[in-house]
Amino acid sequence: CRLRLEPRPEGQRAEHALNGECFAKLKEGYKGAARELNARLFLLLQRYATLFGPRSSEGRGWQLATPPGAMAQLGADFGVGFECFASPMNRRHARFCSAFADTDAPFGSSGNFFSVARSGGLRGVRSAECGPPYDDGIMAMAVRAIDAELASRPAGCPGSFVLVVPDWRSPQPA
């Protein structure tokens, strides 16, 4: 699937390509008017390409998506059905938070994880995978948000968060 912006703006990227699987996932998660789908897709892809780079290998140092097999196992073992840090392109569950509410919400995002956590939007989440960007400050903020969420739940309101972060100990364990 190719999306083109016409008329093409001078000096700016005006085309994005999507594989069929990704296009199907985005279309399935889309909640807006059908006539706006292509424009919304273009804006979504433009935002991520601007931030992470236009080629698939760029921007990979920010975080690592939990592999599909591991996500399936988290679902089977812990009932994980929500992702705290995903994108409409790499999400594994219909319920997820992502970086950009403006471009991602039409594709099912609940919004930015920290905003959702502050507003009480995690109350209905029973079990979630939390794989924040690999930045010490953001990882610490995520832990504090999860702590606050679990502490605020009334007795009998269960919840669990599986935190997926890198092992940055130095020296590395043998």
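Residues numbered from 1 in each chain as written. Predicted model: local features only at pLDDT ≥ 70, side-chain atom pairs only at ≥ 80, totals over all residues. Heavy atoms only, no water.

Draft legend 1. Expanded view of the side chain of Thr66. For Thr66, the location among the structural elements is in the loop between helix H2 (37-52) and helix H3 (68-78). For Thr66, a relative accessible area of 12% translates into the label buried. Here Glu129 takes part through its side chain, which lies 2.6 Å from a polar atom of the side chain of Thr66. Setting aside chain neighbours within four positions, we find Thr66 in contact with Met71, Leu74, Glu129 and Val164. (Helix = DSSP H or I, 4+ residues; strand = E, 2+ residues; numbered from the N terminus. Buried < 20%, exposed > 50% of the residue type's maximum accessible area, 1.4 Å probe, protein only. Polar contact = N/O pair within 3.5 Å; in protein donor to acceptor, adjacent residues only side chain to side chain. Contact = heavy atoms within 4.5 Å.)

Draft legend 2. Inspection of helix H6 (residues 136-152) at higher detail. The end-to-end C-alpha distance of H6 is 24 Å, a good match for the 24 Å that 17 residues give at a rise of 1.5 Å each. For H6, the complete set of buried residues consists of Met139, Ala142, Ala145, Ile146 and Glu149. One face of H6 carries all of its buried residues, which in axial projection span an arc of 120°. Across H6 from its buried face, at more than 90 degrees, point the exposed residues Asp136, Arg144, Asp147 and Ala151. Tucked into the core, H6 has its buried residues touching strand E3 (82-86), helix H5 (113-118), strand E5 (127-130) and strand E6 (160-163). In this structure Asp135 caps H6, since a side-chain oxygen of it lies 3.0 Å from the backbone nitrogen of Gly137. (Expected span 1.5 Å × (residues − 1). Arc of directions from axis to C-beta.)

Draft legend 3. Seen up close, the pattern of salt bridges. Evaluation of the coordinates by the stated rule reveals 5 salt bridges. Put simply, Arg91 and Glu28 hold a salt bridge, and the shortest N to O gap is 3.9 Å. With Arg91 in the loop between E3 and strand E4 (95-98) and Glu28 in helix H1 (residues 20-29), this residue pair connects regions lying 63 residues apart in the sequence. Residue classification places Arg91 among the buried positions, given a relative accessible area of 7%. On the basis of relative accessibility, which here comes to 59%, the residue Glu28 falls in the exposed class. (Salt bridge = Lys/Arg side-chain N within 4 Å of Asp/Glu carboxyl O.)

Draft legend 4. Highlighting the sheet that holds E4. If you trace the 4 strands from one edge of the open sheet to the other, you get E4-E3-E5-E6, paired in parallel fashion. The sheet terminates laterally at E4 and E6, the two strands that pair on one side only. Each strand of the sheet is rotated relative to its neighbour by a mean of 20°, with strand direction disregarded. Bridge count between E5 and E6: 4 bridges; the pairing is parallel. Across the sheet, the residue bridging to Ser127 is Ser160, located in E6. Seen against the sheet, H6 touches E3, E5 and E6 and runs at an angle of roughly 165° to E6. (Pairing = 2+ DSSP bridges. Axes fitted to C-alpha atoms, helices over the stretch in contact; angles between N-to-C directions.)

Draft legend 5. Highlighting a nonpolar patch on the surface. Judged by side-chain polarity, Val143, Leu163 and Val165 come together as a nonpolar surface patch covering roughly 210 Å² of accessible area. Locating Val165 in the fold gives a position in the segment after E6. Its relative accessible area of 38% is what places Val165 among the partly exposed residues. (Patch = residues over 30% accessible without salt bridge, like charges linked within 9 Å, V, L, I, M, F, W, Y side chains within 5 Å. Areas by Shrake-Rupley, 256 points an atom, 1.4 Å probe, with all protein chains shown as cover.)

Draft legend 6. Quick look at the nonpolar core. Phe82, Cys84, Phe85, Phe113 and Leu122 are the most contacted members of the largest nonpolar core, which totals 16 residues. Sorting the residues of this core by element identifies E3, H5, E5 and H6 as the ones contributing at least two each. Ranked by residues supplied to this core, first place goes to H5 with 4 residues. With near-sequence residues (within four places) excluded, Phe82 lies in contact with His93, Arg95, Phe96, Cys97, Ser110, Leu122, Val125, Ser127, Ala128 and Glu129. Ranked by size, the runner-up nonpolar core spans 14 residues in total, among them Leu37, Leu44, Leu45 and Phe107. (Core = buried A, V, L, I, M, F, W, Y, C linked by side-chain atoms within 4.5 Å.)

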